[in-house]
Structure formats: C-alpha cells, structure tokens
Amino acid sequence: MHTLNLGIFQTLAAEGLLWLAENKVFEAGPDVPSQLHSAYVRFRTWLRSNCIGCSTRRWTVASIHLTGDDFPWLSCKAFNCRIVLAFLAAALIRTAASPSTRTVPCASKHIA
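The numbers attached to residues start from 1 for each chain and follow its sequence in the written order. The predicted nature of this model means local features are confined to residues of pLDDT at least 70 and side-chain atom pairs, given and counted, to a pLDDT of 80 or more, with totals for whole chains, interfaces and linings taken over all residues. As a convention, hydrogens and water are excluded, and side-chain values are obtained from all of the structure's heavy atoms.

Asks: Would you mind showing me how to read the overall build of the protein chain here?
Replies: Summing up its helical and strand segments, the protein chain has 4 helices and 0 strands in all. Only runs of H or I of at least four residues qualify as helices and only runs of E of at least two qualify as strands under DSSP, and these elements are numbered from the N terminus. Reading the protein chain from its N terminus to its C terminus gives the helix and strand order α-α-α-α. Remark: exposure states derive from per-residue accessible area (1.4 Å probe, protein chains only) relative to the maximum for the residue type, with buried under 20%, exposed over 50%, and partly exposed in between. Scored against the burial criterion, the 112 residues of the protein chain give a buried share of 34%. If you take every contact in the protein chain between residues at least 6 apart in sequence, the share linking residues at least 24 apart comes to 56%. Per-residue and other accessible areas were derived by the Shrake-Rupley procedure at a 1.4 Å probe size, with only the shown protein chains allowed to occlude residues. Carbon and sulfur atoms make up 61% of the accessible area of the protein chain, which totals about 7000 Å². Two residues qualify as a contact provided that any one of their heavy atoms is within 4.5 Å of a heavy atom in the partner residue.

Asks: What am I meant to see in the nonpolar core here?
Replies: A general tendency of soluble globular proteins is for nonpolar side chains to be buried together. Grouped together as the largest cluster of nonpolar side chains are 26 residues, with contacts concentrated most on Leu17, Phe43, Trp59, Leu74 and Leu88. For this core, the elements supplying multiple residues, two or more each, are α1 (4–22), α2 (32–49) and α3 (78–97). Other than its neighbours up to four places away in sequence, phenylalanine 43 contacts Cys54, Thr56, Trp59, Ile83, Val84 and Phe87. Put simply, buried Ala, Val, Leu, Ile, Met, Phe, Trp, Tyr and Cys residues joined by side-chain atoms within 4.5 Å make one nonpolar core.

Asks: Sorry if this is basic, but what is going on with the side chain of serine 63 here?
Replies: Within the secondary structure, serine 63 sits in the loop between α2 and α3. Here threonine 60 takes part through its backbone nitrogen, which lies 2.9 Å from a polar atom of the side chain of serine 63. Not counting chain neighbours up to four residues away, the residues in contact with serine 63 comprise Arg58, Trp73, Leu74 and Ser75. Two N or O atoms count as a polar contact when they lie within 3.5 Å, although within protein this holds only if one can serve as hydrogen donor and the other as acceptor, and sequence-adjacent residues are included solely when both atoms are side-chain atoms.

Asks: Explanation requested: α2 in the structure shown.
Replies: An α-helical segment advances 3.6 residues per turn. Residues three or four places apart therefore align on the same side. Look at α2: 25 Å from first C-alpha to last across 18 residues, which is about the 26 Å you get at 1.5 Å a residue. Looking at α2, one finds that the buried residues are Gln35, Leu36, Ser38, Ala39, Tyr40, Phe43, Trp46 and Leu47. To estimate the expected span of a helix, subtract one from its residue number and multiply by 1.5 Å.

Following this line, the structure appears as structure tokens:
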C-alpha cells in the first residue's frame, strides 16, 4: 500500500492532472489553477454519477506540491488516490474519443 498508493500513485495522479490541465482538457481558464478547479468540479460530478464516495479535498497548485526541486505529488489518502486515477483515466478516454478533440499526444504514438 505505501509504495504504490502513497508513493507512485500520488505522483502519477499529480502528473496526470497537470498534463490534462496544461492541455486544457477541462475547458476552463488559461491558467493551471482554473483548470484544476474545473477538473475538481468535474471529478465531484463523476463521483456522484458513479455512486462513489471520496474525501479528497479541492485540487490546487499547493495540493499538488509544485516545487522546482522535486516531483509533484497529490495530497490525498491512499485509497482516494486510486479513485482520482480512475477519474483521470475516464477523462483521458473521454477526451480521446471526442470527435472535436485534437489528437492526444501519448495515444497517437506507436510502440515498435
């Protein structure tokens, strides 16, 4: 639990949120804080529509721990981190499937 949920998954969740925010997937304002706010609102809607409970607090630049000397990581409880990752996967799939969306860079590359 500690290595994955409170280590790798927290970093993966933060990186995923930042990638989606930087690529303006959540269609909010031009900056990362407004993208994170929009992402959290959509996360809460996704939780309600899927009948999932999660106590993760609002996502901000501070909760992702953006510092120049370390990898970002999302402050959340171990199990909540897994729920955030499920939401990010659903958001990426929805973005890639949308006909009005530009190509998702990581999904367009072929592995040789």
